[in-house]
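Here is how the chains run, residue by residue.
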Number of protein chains: 4
Amino acid sequence: MTGRRGRPRSAAVDWAVEQATLDLLARVGYHGLTIEAVAARAGVGRPTVYRRWPTKDDLVVDVLSRAVPVLADPDTGDALRDLELLASEVLERLVAAGVGPVVLAVLGAAVDRPELASRLEERYLSPRLGVLGEVIARGVRTGRVRDDLDVTVIRDLVLGPLVYRVLLSGRVWDRAERAAATAAVRRAIAAPGVAEDAPPSPAGKPVTAPPRRRRRASSPS
Amino acid sequence: MTGRRGRPRSAAVDWAVEQATLDLLARVGYHGLTIEAVAARAGVGRPTVYRRWPTKDDLVVDVLSRAVPVLADPDTGDALRDLELLASEVLERLVAAGVGPVVLAVLGAAVDRPELASRLEERYLSPRLGVLGEVIARGVRTGRVRDDLDVTVIRDLVLGPLVYRVLLSGRVWDRAERAAATAAVRRAIAAPGVAEDAPPSPAGKPVTAPPRRRRRASSPS
Amino acid sequence: MTGRRGRPRSAAVDWAVEQATLDLLARVGYHGLTIEAVAARAGVGRPTVYRRWPTKDDLVVDVLSRAVPVLADPDTGDALRDLELLASEVLERLVAAGVGPVVLAVLGAAVDRPELASRLEERYLSPRLGVLGEVIARGVRTGRVRDDLDVTVIRDLVLGPLVYRVLLSGRVWDRAERAAATAAVRRAIAAPGVAEDAPPSPAGKPVTAPPRRRRRASSPS
Amino acid sequence: MTGRRGRPRSAAVDWAVEQATLDLLARVGYHGLTIEAVAARAGVGRPTVYRRWPTKDDLVVDVLSRAVPVLADPDTGDALRDLELLASEVLERLVAAGVGPVVLAVLGAAVDRPELASRLEERYLSPRLGVLGEVIARGVRTGRVRDDLDVTVIRDLVLGPLVYRVLLSGRVWDRAERAAATAAVRRAIAAPGVAEDAPPSPAGKPVTAPPRRRRRASSPS
DNA sequence: TCCTAATCGAGACGGTACGTCGCGTCTTCGC
DNA sequence: GCGAAGACGCGACGTACCGTCTCGATTAGGA
């Protein structure tokens, strides 16, 4: 055993720096975030920050992955509904006052920073999208989700429209648009034969036995 | 009449700066772009750049909107197919060696820069998405696209998955995934009764009377 | 005759620029004077200023030499007294609110600008010190001033202490100090036998040893 | 104990910057001196220079006061002679190749920069003129210098002509002029009864008309 | 009466220096 | 050895003026 000589690192420092980072991210955004400011606000020397996080990106990703809890699998019995709930949850977080904008900012910054992108993927996205993958797999297994689509493609179809909307316009779907979009995505990924509309009932009835018919508009005849 | 006093601005300068900006964007990305470097590479004084574009964002958006041609309406007769072609075209551009990555970078940077975002929206996105809107409207009119979806929602559904994929993973769908995703989106937005697969015929027959049947896989029991 | 074709230069412009220069000199000092500001304040294009005065120095010296009237020879009959009056007058002007500080500033600036120094000498100082030289010569001729001192040395002795004081300390002699200094300089340059103190009488009656001669121009013999 | 936290400032940097400043002052004069150039020539970052000397003036005055040694009191026994020696020394330095012109330039620049002037006074002039003041006081005490003149006035009389000459004309007295001027100043400030001419002999043997008296204090009749 | 040419304002242009900010590294002290 | 404090070389920022250069519009002569 080496035995770790000298003064051990202070956990309080870690905490202070992370808090400072979150505060500042919320306040000035990713591009306005400065190691200098972080250190100052944490009451810490700049080299102390660098000692733990060699780059701003490391710091931010680390802080984010610690601050944002992993999504929980709703597991209502209906995998399609689970997906919708997860998507809804994702959207909620993206828009939420706290870390939401920060996550977006970092995603944005990652675009032309492959370093950041991969670290983000590894430390933040994968753990979080894992649940989605599981739910999708379950959906395929239980015959609720089409089996001719790659898992990642389904993910893109579920999250893409929603993220795209927020990223580009900053605005978000209203209640009606959201319902329509949800139904549309369901059409895109639901296995053939699955009823077109999700049951609006809050605690989704178990499935397997498909609801007989529930079209929105009248049939074309 | 006003008569435009003083020495007129040199078009050559505009050109040189725009070229330099594109070059550097491709080389070092948005976050690595420096007005200083732009001016140097354009053989121009720094103040000259600032005189025309007060901020880096102004410059970049202006350059992009000038450099990227607006999408043309394919108008094959089948609006659904038109949408697919447009999406395909958008994807192509996003990935393309030239401005593609640049556009992505700027989109990313815009996330936590509302200023940039709105300028981008106004000068870059709207003109380009306009075509998409028209095609969608035509689709609705001709009964190829559902009429219970807002135009912007459809846009999100068409572009979202694709952009999300590129933005987040940097990777892109392979041929098969692309086909599957395309079909899925079609399911999401096609009007009821419209055949599931797009007719591969290049110059789509006019619509109204929906093509009777054209499934890819067998019907769902 | 060439005949000077084209539009003649406007005298109004000359005037406006000179006024602007004086104003600004008084306001911001020599080192704070900018051609830009001069032009703006004169309501004139910058090139118009450059057309007439190639450098800031040219402009300033020209303006000064036009603005500050040449000292008049008091010619009281007593050359020593004349010198004192002249010195007094010089001091007055140096301290005066208007051009005084400006002259000092330019003198100061001239120190490490030989160009400016020589132009200043030629256009400003010489004409003004000429009178002093004449008075000194007259003093020597009339036996009031020592003849073993070079004219320029006398000039240095008369003006030096006074200018030095103002230049370095900004402060100026009070009444008593001034009288004492005047008397001291008189001791330094007065011909032997001339009474030590200047008569305090306002309209200098000759003193003790009256000046032998009083003519201004007639031959000495 | 304060304990002086953080990395101490490098003496090498001080030294390098001061050298660079002196070099450049000698080369391009005060008005041509650039912080940028100083930093470059010292091999130092610009902010490092600003950290120590907030303004160009601070830098220059500091450098000068460090570079020019304070005059030593000759103390030959004859205060009048001491004054002449000091004046001579001052002149020498003003004209000397090294800092001489620099001092002049700064003096000049100080004219319309009260900030600079007061700093110059405080950090440069007073320490240096202190000796002069002491010698003058001694002269008064020993009866060699008139007691009806303020110390500062005497200083003006001693240094004024000399500085005036150098400042304005750049030229300097030749041997004869210098002797004459010296004698003149002596007349101006010597106590009554003191022999008129200073002994030009290097080690002050009395000359021509040897001063009858050489006592230090007694009254002249 | 036109023509021609210099001058006027305005302001763009390539530059240089400004003084500031943040970077990431280093060096010192005191726990 | 860690941690704060902060100096260091560096590079970019956005601004102010520089002195030169086009411009269109005056404004006189001379033809």
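Preceding this section is the structure that the text describes.
Residues numbered from 1 in each chain as written. Chains lettered and ligands numbered in written order. Predicted model: local features only at pLDDT ≥ 70, side-chain atom pairs only at ≥ 80, totals over all residues. Heavy atoms only, no water.

Novice: Hey, could you run me through the pattern of salt bridges in this one?
Specialist: Pairing between side chains becomes possible if they bear opposite charge and their charged atoms approach one another. What the rule picks out here adds up to 71 salt bridges over all chains. Among the ionic pairs, A:D156 bridges to B:R165, the shortest N-O distance being 2.9 Å. Taken as a pair, A:D156 in helix α8 (residues 151-169) and B:R165 in helix α8 (residues 151-169) lie in two separate chains rather than in one. B:R165 shares its class with A:D156; the two are buried. Put simply, C:E115 and C:R119 hold a salt bridge, and the shortest N to O gap is 3.4 Å. In this pair, C:E115 and C:R119 both sit in helix α7 (residues 114-141), 4 residues apart, roughly one turn of the helix. Residue C:R119 is classed as buried on the basis of its relative accessible area, which comes to 18%. (Salt bridge = Lys/Arg side-chain N within 4 Å of Asp/Glu carboxyl O. Helix = DSSP H or I, 4+ residues; strand = E, 2+ residues; numbered from the N terminus. Buried < 20%, exposed > 50% of the residue type's maximum accessible area, 1.4 Å probe, protein only.)

Novice: Help me understand the relation of the copies chain A and chain B in this model?
Specialist: Relating one copy of the chain to the other requires a rotation about an axis plus a shift along that axis. Aligned on chain B, chain A shows an RMSD of 0.2 Å; the corresponding rotation is 180° and the shift along the axis is 0.0 Å. The superposition operator between the copies reduces to a two-fold rotation axis. The C-alpha atom lying nearest the rotation axis in chain A is that of A:G108; the distance is 1.8 Å. Here 93% of the interface residues in chain A have copies in chain B that are interface residues too; the copies meet face to matching face. (Least-squares fit on C-alpha atoms with pLDDT ≥ 70 in both. Contact = heavy atoms within 4.5 Å.)

Novice: Can you walk me through the relation of the copies chain C and chain D in this structure?
Specialist: Relative to chain D, chain C is turned by 180° and slid 0.1 Å along the rotation axis, the superposed coordinates differing by an RMSD of 0.4 Å. The residues that chain C uses at the interface reappear at the interface of chain D in 100% of cases, marking a shared surface.

Novice: Would you take a moment to explain helix α4 (residues 56-67) of chain B for this structure?
Specialist: Within an α-helix, residues lying three or four positions from one another point in the same direction, as the helix has 3.6 residues per turn. All names here are of chain B. Counted at 1.5 Å a residue, the expected span for α4 with its 12 residues is 16 Å, and the 16 Å between its end C-alpha atoms agrees. For α4, the buried fraction is high: 9 of the 12 residues fall into the buried class. Burial in α4 covers these residues: D57, D58, L59, V60, V61, D62, V63, L64 and S65. (Expected span 1.5 Å × (residues − 1).)

Novice: I keep staring at the packing of aromatic side chains and nothing clicks. Help me out?
Specialist: Aromatic rings considered in pairs are described by the distance between their centres and by the relative angle of their planes. All names here are of chain A. This structure, assessed with the given rule, holds 0 aromatic pairs over all chains. Above the ring of Y30, the side-chain terminus of K56 is found at 4.6 Å from the ring centroid. Between R128 and the ring centre of Y124, over which it is positioned, the NZ or CZ distance is 4.1 Å. (Phe/Tyr/Trp six-rings, centres within 6.5 Å; stacked < 30°, edge-to-face > 60°. Lys NZ or Arg CZ within 6 Å of the ring centre and 35° of its normal.)

Novice: Sorry if this is basic, but what is going on with the interface of chain C and chain D here?
Specialist: Interface size is commonly expressed as the accessible surface area that is lost when the partners come together. Contacts between the two partners involve 39 residues from chain C and, on the opposite side, 39 residues from chain D. For the chain C and chain D pair, buried surface summed over both sides reaches about 3200 Å², with 65% attributable to carbon and sulfur atoms. Three residues, C:D156, C:Y164 and C:R187, lead the burial of chain C against chain D; their summed loss comes to 20% of the area buried on that side. Taken together, the connections running from chain C to chain D amount to 2 salt bridges. Scanning the region where chain C abuts chain D turns up 9 residue pairs in polar contact (both at pLDDT 80 or more). Breaking the side of chain C that touches chain D down by element, the ones donating at least two residues are α1 (11-32), α6 (100-110), α7, α8 (151-169) and α9 (175-189) of chain C. (Buried area = accessible area lost by both parts, 1.4 Å probe. Polar contact = N/O pair within 3.5 Å; in protein donor to acceptor, adjacent residues only side chain to side chain.)

Novice: Looking at this structure, how should I read the interface of chain A and chain B?
Specialist: Contacts between chain A and chain B engage 42 residues on the former and 40 residues on the latter. Summing the contributions of chain A and of chain B, the shared interface buries around 3400 Å²; its carbon and sulfur component is 66%. It is A:D156, A:Y164 and A:R187 that lose the most area in chain A upon contact with chain B, and together they represent 19% of the buried surface on that side. Across the contact surface, chain A and chain B share 2 salt bridges. Mapped onto the side of chain A that touches chain B, the elements with two or more residues apiece are α1 (11-32), α6 (100-110), α7 (114-141), α8 and α9 (175-189) of chain A. Among the elements that make up the side of chain A that touches chain B, the one with the highest residue count is α8(A) (13 residues). Across the side of chain A that touches chain B, the residue classes tally to 24 nonpolar, 6 polar and 12 charged. (Nonpolar A, V, L, I, M, F, W, Y, C, P; charged D, E, K, R; others polar.)

Novice: Just to check I follow, could you spell out the nonpolar core for this structure?
Specialist: The tendency in soluble globular proteins is for nonpolar side chains to be buried side by side. Grouped together as the largest cluster of nonpolar side chains are 142 residues, with contacts concentrated most on C:V17, C:I189, D:V17 and D:I189. In this structure D:I189 touches D:L80, D:L83, D:R144, D:V145, D:R146, D:L149, D:I154, D:L157 and D:V158, once residues within four positions along its chain are discounted. (Core = buried A, V, L, I, M, F, W, Y, C linked by side-chain atoms within 4.5 Å.)

Novice: I'm lost on the protein's contact with DNA strand E in this one. Help?
Specialist: Around DNA strand E, 45 residues are found, and the nearest of them are A:Y50, B:R52, C:R51, C:R52 and D:Y50. In DNA strand E, atoms within 4 Å of the protein come from the sugar-phosphate backbone in 63% of cases. A distance of 2.8 Å is found between a base nitrogen of DNA strand E and a side-chain nitrogen or oxygen belonging to D:R46. Going through the elements one at a time, α2 (35-42) and α3 (46-52) of chain A, α3 (46-52) of chain B, α3 (46-52) of chain C together with α2 (35-42) and α3 (46-52) of chain D are the ones with two or more residues in the surface near DNA strand E. In the surface near DNA strand E, the residues fall into 13 nonpolar, 14 polar and 18 charged. (Near = heavy atom within 4 Å.)

Novice: Would you mind going over the side chain of D:D57 with me for this structure?
Specialist: You can see D:D57 is positioned in helix α4 (residues 56-67). The side chain of D:D57 is buried and forms no salt bridge, while D:R113, the nearest opposite charge, is found at 4.0 Å. (Lys, Arg positive; Asp, Glu negative; His and termini not counted.)

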